[in-house]
Amino acid sequence: MSDAETRGLRRCVEPGCTFDTDGVCLEGFSEAKGCPYKSQPAEGDTSESVTDSNAPSDNWILLPDGYELSLESTAGITRATEAKVIVVAGESAAGKTTLLTCIFEHISEGVYAGQQFAWSDTVLAFERACYPSRISSEAEQPETERTKRLIPRFFHLQLKSEAGKLTDLLLTDMSGEVYRRVVDNQENATSLGGFIRRADCFVLLLDGKRLASQELRQDGFRRGLLLLEALLQAQVLSKMCPVRVLIAKYDLLVPEQDNENTVKFIEYVEAEYKRFGTEHFSDFKVSRISSRPKENSSLDYGFGVEPLFSEWVTADRPELNVDFLADVKELPNERESINYLWRQLGRQKE
Ligand SMILES: Nc1nc2c(ncn2[C@@H]2O[C@H](COP(=O)(O)OP(=O)(O)OP(=O)(O)O)[C@@H](O)[C@H]2O)c(=O)[nH]1
Ligand SMILES: [Mg+2]
């Protein structure tokens, strides 16, 4: 009997969700309350009918529910339009999700980088990610919830330029844990090929908070390089793919009286990444951003984000206009949750 059954909880039917066994909701909901994925009562639980009228059926046509898109459900967008796939990578807490919410909030307010919001298949996912940082959520500090999912999920934005051109952006949002595992085990890099090969831009965030810390900075600096190296060696990340390295949370690094040493270290980090990038990639840039500067910071909300976003929308790589399910083999001796990730990435095109 599973833990879920012994606790008398409803079962989650989302593929890959381990809620039944360890109580962790793949979508990050506490106790799975409010999870958009329909759950069915555990076997033997008579409190609700198993034939829940809301449960998915093979005969149903699944329409976007407003939450993050799975790899499979992005295929409709990538086939129908010249969608740009932006892979946002980095260690846990580097600021990946906050960067996406920052863009969504700017574009919701009006014209941003010459683009207007036209549509989003994942508007509820954006709203959910933005919520904890809003004053209405009454949080003392603006916080972004940790992303728990280990399988690729995508935020979607359709943008309209001043000339009326529509562009679809698909932005990945995965837990930093996935990228940590890539650094720790080269084989894991190969298995990420499915969607990273399709990237129109690969964005690597370095956590400025770690770079500000004397104890953590070397590790933070090196792990980013190791990630790039692992993906290159596994031939998952192409030398032709534009790569943007972002020194994130730059509000914690701006020159002040007592942080000369940190300022020098950041210059060193930038120089080392540029050296590495020029050697290995045809289009490589390092820049500084602060998606959500701390209170009283001299930086504006979304410092450095607008030019980055502008590049993503206008990036022109029509030869990559294919959907991106790749053939990847499962790894031996790996935990079931990770093997599920590899199976998802490796699912064959029909
Ligand atoms: N000071 C400051 N804090 C930031 C900034 N951007 C993000 N943060 C904070 O950094 C923390 C981590 O941000 P997330 O966006 O959740 O990081 P993530 O990379 O998505 O992390 P995982 O989902 O765990 O992989 C949150 O508490 C954010 O509020 C920034 O520009 N400045
Ligand atoms: Mg996140």
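Going along each chain's sequence as written, the residues are numbered from 1 onward. Each chain gets a letter, beginning with A, and each ligand a number, beginning with 1, in the order they are written. For this predicted model, a pLDDT threshold of at least 70 governs which residues receive local features, and a threshold of 80 or more governs which side-chain atom pairs are given and counted, while totals over whole chains, interfaces and linings are taken from all residues.

A. Molecular detail of the overall build of the protein chain. Numbering of helices and strands runs from the N terminus; a helix is a DSSP stretch of H or I covering at least four residues, while a strand is a stretch of E covering at least two. Helices and strands together make up the secondary structure of the protein chain, namely 13 helices and ten strands. Working definition of burial: number of other C-beta atoms within 10 Å of the residue's own, with buried at 20 or more, exposed at 12 or fewer, and partly exposed in between, all C-beta atoms being placed from the backbone. Of all 350 residues assigned to the protein chain, the portion counted as buried reaches 40%. Two residues qualify as being in contact provided that their C-beta atoms, derived from the backbone, are within 7 Å of each other. Considering only intrachain contacts with a sequence separation of at least 6, the fraction spanning at least 24 residues in the protein chain is 71%.

B. Spatial organisation of the pairing of strand β7 (residues 166-172). Here β7 lies mainly inside the structure; five of its seven residues are buried. Any two strands between which DSSP finds at least two bridges are classified as paired. Relative to β7, strand β4 (residues 84-90) is paired through three bridges, and the arrangement is parallel. Counted as the bridge partner of Val85 is Leu170 from β7. Where strand β6 (residues 153-161) lies against β7, seven bridges are found, and the strand directions are antiparallel. Along β7, the bridge assignment pairs Phe155 with Leu171.

C. Here's a closer look at unusual backbone geometry. A positive phi angle is found at Ala93, which is not glycine, with a value near 70°. Looking at the secondary structure, you find Ala93 in the loop between β4 and α4 (96-109). With 18 C-beta atoms packed within 10 Å, Ala93 lands in the partly exposed category. Of note in this structure, Ala113 is not a glycine but carries a positive phi near 50°.

D. Spatial organisation of the site of ligand 1. The criterion for a residue being near a molecule or strand is a backbone-placed C-beta atom within 6 Å of that molecule or strand. The environment of ligand 1 is formed by 23 residues, the closest being Lys96, Thr97, Thr98, Thr147 and Gly176. Looking at the shell around ligand 1 element by element, the count peaks at three residues for α4. Partitioning the shell around ligand 1 into residue classes produces five nonpolar, eleven polar and seven charged. Under the convention adopted here, Pro, Cys and the residues Ala, Val, Leu, Ile, Met, Phe, Trp and Tyr are nonpolar, Asp, Glu, Lys and Arg are charged, and Gly plus all remaining residues are polar.

E. Structural view of the nonpolar core. Membership of the largest hydrophobic core comes to 70 residues, with the highest contact counts inside it found for Ile86, Val87, Phe202, Val203 and Leu204. Apart from the residues lying within four places of it in its own chain, the contact partners of Val203 are Ile86, Val87, Val88, Ala89, Arg244 and Leu246. Only buried Ala, Val, Leu, Ile, Met, Phe, Trp, Tyr and Cys residues enter a nonpolar core, and they are joined through C-beta atoms within 7 Å.

F. View of helix α12 (residues 305-314). All of the buried residues along α12 are Val305, Leu308, Phe309 and Trp312. Buried positions in α12, seen along its axis, are confined to an arc of 95° and lie on one side of it. Summarising the contacts, the buried residues of α12 are in contact with β4, α4, β7, β8 (201-207), β9 (243-248) and β10 (284-288). The arc in question is the one traced by the directions running from the helix axis out to the C-beta atoms.

G. Fine view of the packing of α4 against helix α5 (residues 123-130). Where α4 meets α5, the axes come as close as 9 Å, and the angle between the chain directions of the two elements is 115°. Considered as vectors, α4 and α5 are oriented roughly perpendicular to each other. Relative to α5, α4 is oriented so that their crossing is left-handed. Contacts from Thr97, Leu100, Thr101, Phe104 and Glu105 in α4 reach Phe126, Ala129 and Cys130 in α5. When grouped by side-chain class, the residues that make up the contact of α4 with α5 number five nonpolar, two polar and one charged. Axis angles are defined between N-to-C directions and span 0 to 180 degrees, where every axis is a line fitted to C-alpha atoms and, for a helix, only to the segment in contact. Note on terminology: angles under 35 degrees are roughly parallel, angles over 145 are roughly antiparallel, angles of 65 to 115 are roughly perpendicular, and the others are oblique. Each crossing is labelled by how the near helix is turned from the far one, with a counterclockwise turn of less than a right angle marking it left-handed and a clockwise turn marking it right-handed.

H. Just the pairing of β4, in detail. Of all seven residues in β4, seven are buried, a share of seventy percent or more. Burial along β4 is two-sided: the face carrying Lys84, Ile86, Val88 and Gly90 and the face carrying Val85, Val87 and Ala89 are both buried. Note that β4 and β8 share five bridges and pair parallel. Within the sheet, the bridge partner assigned to Val88 lies in β8 and is Val203.

I. Region of the structure containing the packing of helix α6 (residues 176-184) against helix α10 (residues 217-233). Relative to each other, α6 and α10 sit at 75°, their axes nearing to 9 Å. When the axes of α6 and α10 are compared, the pair comes out roughly perpendicular. In this structure, α6 contributes Tyr179, Val182 and Val183 to the contact, and α10 contributes Arg223, Leu226, Leu227 and Ala230. Here the residues of the contact of α6 with α10 are counted per class, giving six nonpolar, no polar and one charged.

J. Quick look at the confidence of the model for the protein chain. Confidence scores per residue from the predictor, reported as pLDDT, run from 0 to 100. Residue-level pLDDT values for the protein chain average 78, and 67% of them are 70 or greater. Below a pLDDT of 50 lies the segment residues 1-9, which in the model reaches 15 contacts outside its immediate sequence neighbourhood of four places, other chains included. Overall, residues 337-350 carries pLDDT values under 50, and its contacts beyond four positions in sequence, including any with other chains, amount to 33 contacts.

K. Local environment of the environment of Ala94. You can see Ala94 is positioned in the loop between β4 and α4. When the C-alpha positions of Ala94 and Lys249 are compared, they lie 8.2 Å apart, and in sequence the two are 155 residues distant. Sequence-distant contacts of Ala94, defined by excluding residues within four places in its chain, comprise Gly176, Leu205, Leu206, Asp207 and Ala248.

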